[in-house]
Amino acid sequence: GKETGGAMGNTKVGGWEIIGTITNNGGAALIIGTNIIRTLNTPAGWGAPTVGVNGANMDIQVTGKALTNIDWVARVETVEVVF
């Protein structure tokens, strides 16, 4: 079946806030320090999201319940400093 947080009465809604710092020096991304993950809700069978780097990019990875379609939404705020 399909699970979405927008359906009325659906309690299978996950929510997380991730705060962290990533730098990109010459095309190589690097996580600085440790990300802070605040869990608002994690339904059964779901995993908390993780943030990693892949070359010059930031990756946000999520894991949902097996055999279930889930609509994932992310809001990402960035600040860029150019020298």
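Sequence order as written defines residue numbering, which begins from 1 separately in each chain. Given that the model is predicted, a residue must reach a pLDDT of at least 70 before its local features are reported, and side-chain atom pairs must reach 80 or more before they are shown or counted; all residues, however, enter totals for whole chains, interfaces and linings. With hydrogens and water excluded, all non-hydrogen atoms of the structure serve as input to the side-chain values.

Caption draft 1: Geometry of the pairing of strand 5 (residues 57-63). Summarising the sheet, strand 4 (residues 47-54) and strand 5 pair through six bridges and their orientation is antiparallel. Of the residues in strand 5, the one forming a bridge with Asn54 is Asn57. Note: two strands are recorded as paired if DSSP finds a minimum of 2 bridges between them. For the purposes of this entry, the term helix denotes a DSSP run of H or I that reaches at least four residues, the term strand denotes a run of E that reaches at least two, and both are numbered from the N terminus. Where strand 4 hands over to strand 5, the hairpin turn is made up of two residues, of which Gly55 adopts a positive phi near 65°.

Caption draft 2: Just the packing of aromatic side chains, in detail. The aromatic pairing rule takes the rings of Phe, Tyr and Trp, using the six-membered ring of Trp, and pairs them if the centres are within 6.5 Å, calling planes under 30 degrees apart stacked, those over 60 edge-to-face and the rest tilted. Tallied over the entire structure, the rule returns three aromatic pairs. For the pair Trp46 and Trp72, a centre-to-centre distance of 5.2 Å together with 55° between the ring planes defines the contact as tilted. With Trp46 in the loop between strand 3 (28-41) and strand 4 and Trp72 in the segment after strand 6 (69-70), this residue pair connects regions lying 26 residues apart in the sequence. Through pairs of rings, three or more aromatic residues link up here, namely Trp16, Trp46 and Trp72.

Spatial relationships are all this shows, so hold off on functional conclusions.
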